[in-house]
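Understanding the architecture of this molecule
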Amino acid sequence: MGIVYKRSNCITKNLERLLLEDELLDFTVEVEDVKVRCHRVVLATSSDFFRALLRCEMREANDGCVTLNGISEQTFQHILMSIYSGTVVLTLENVIDLWKAVDQLQIEFMIADCEKIALKVMSEDNLVNIWKLADKLQFEGYFHDIQYWGNNSPCSNFIPVVLPKNIMLPIEKK
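Description of the structure in this document. Predicted model only: the values in this text are computed from it and were never measured.

A word on the pattern of salt bridges
- For the structure on display, the rule yields four salt bridges.
- R17 is the partner of E21 in a salt bridge, and the nearest nitrogen-oxygen pair spans 3.9 Å.
- Note that D48 is salt-bridged to R51, the shortest N-O span being 2.4 Å. Note that D48 and R51 are positioned in helix α3 (residues 48–55) at a spacing of three residues, about one turn of the helix.

With respect to the nonpolar core
- Counting residues in hydrophobic clusters, the biggest one holds 38 residues, and the most contacted among them are V29, F50, F76 and I79.
- Among the elements that line this core, the one with the most residues is helix α6 (residues 95–105), at six residues.
- Ignoring anything within four residues of it in the chain, the contact list for F50 reads F27, V29, L43, A44, V66, L68, F76 and L105.

As for the sheet that holds strand β2 (residues 34–38)
- Ordered by their spatial adjacency, three strands build an open sheet running β2-β1-β3, and the pairing between neighbours is mixed. Of all strands in the sheet, those with a lone pairing partner are β2 and β3 (65–68), marking the two edges. Adjacent strand axes in the sheet meet at a mean angle of 25° when their direction is disregarded.
- Relative to β2, strand β1 (residues 27–31) runs antiparallel, the two sharing five bridges. Residue T28 lies in a different strand from β2, and its bridge partner there is R37.

Structural notes on the packing of helix α5 (residues 73–85) against α6
- Contact geometry for α5 and α6: axes closest at 10 Å, N-to-C directions at 70°. As far as their axial angle goes, α6 and α5 are roughly perpendicular. Where α5 crosses over α6, the handedness of that crossing is right-handed. When α5 is examined against α6, the residues T75, F76, H78 and I79 are found in contact with a partner set consisting of D97, L98, A101, V102 and L105.
- In terms of residue class, the contact of α5 with α6 is made up of six nonpolar, two polar and one charged.

Conventions used here
Just so you know, the residues in each chain are numbered from 1, in the order the chain's sequence is written. Totals for whole chains, interfaces and linings use all residues, but because this is a predicted model, local features are given only for residues with pLDDT of at least 70 and pairs of side-chain atoms are given and counted only at 80 or more. Calculation of side-chain values draws on the structure's entire complement of heavy atoms; hydrogens and water are dropped beforehand. Just to be clear on terms, a salt bridge is a Lys or Arg side-chain nitrogen sitting within 4 Å of an Asp or Glu carboxyl oxygen. Numbering goes from the N terminus for both helices and strands, where a helix is a DSSP run of H or I of at least four residues and a strand is a run of E of at least two. Among buried residues, the Ala, Val, Leu, Ile, Met, Phe, Trp, Tyr and Cys ones that are joined through side-chain atoms within 4.5 Å form a nonpolar core. Relative accessibility decides the category of a residue: with a 1.4 Å probe and only protein chains considered, values under 20% of the type maximum give buried, values over 50% give exposed, and everything between is partly exposed. Contacts are residue-level and defined by heavy atoms, with any inter-residue pair within 4.5 Å sufficient. Pairing between strands is defined by DSSP: at least two bridges between the two strands are required. Every axis corresponds to a line fitted to the C-alpha atoms, with the helix fit spanning only the stretch in contact, and the corresponding angles, defined between N-to-C directions, vary from 0 to 180 degrees. Oblique is the label for any angle not under 35 degrees, not over 145, and not in the 65 to 115 range, which are roughly parallel, roughly antiparallel and roughly perpendicular in turn. For any helix crossing, the convention is left-handed if the near helix is rotated counterclockwise from the far helix by under a right angle, and right-handed if that rotation is clockwise. Under this grouping Gly is polar, as are all residues other than the nonpolar Ala, Val, Leu, Ile, Met, Phe, Trp, Tyr, Cys and Pro and the charged Asp, Glu, Lys and Arg.

Right, dumping it as C-alpha cells:
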C-alpha cells in the first residue's frame, strides 16, 4: 500500500512563476500591438488553435510569434493568467469578451466555463446579447437554456417575442 499525492497544484504554481519571472519564455503573442511572452507547451496544451499552429510548419511557429486579431490585450492577459494559474475569474463584465476569445482560440475548458457563467449572469439587460453570441458561436444547445431562462424570468411585465431559430423570449412591455 502506498500514498498517492496530487501534484497538479504544484505544477500550476511553478508554471505561473515561470511566466511571472520571465523564465524560459519561447513564444510571443501580439495583441493590440503589445507583445506577450509565454511558453509554447502551455499554449499548445491549453488551446487547440495554438496546438495546430505550433505543430505544423507555419511561419508563426518558425518565427516564434503570432498576431491575434479580434482579442483585446486585457482579455488575452486574463486568458493567459487563467491558463497558467488554473483559476478562471468570470464576471458579468468580462464573460462576453472572454467567451468570444476562448472560442476563437479553441480553449474548451474555458468555453464550458463561459457558457455556465453566462447562464448565471443572464438578465433582461443582457439576454439578447448572450443569445446573439450563442448564435454566432453556433452553440445550438444553448438556445434552449436561454429560452428556459426567458420563460422563467422573475419579471412579470414581459411579453413573448420569437427570435430566429424559433426561440421565444419575454421582452419587457414599454
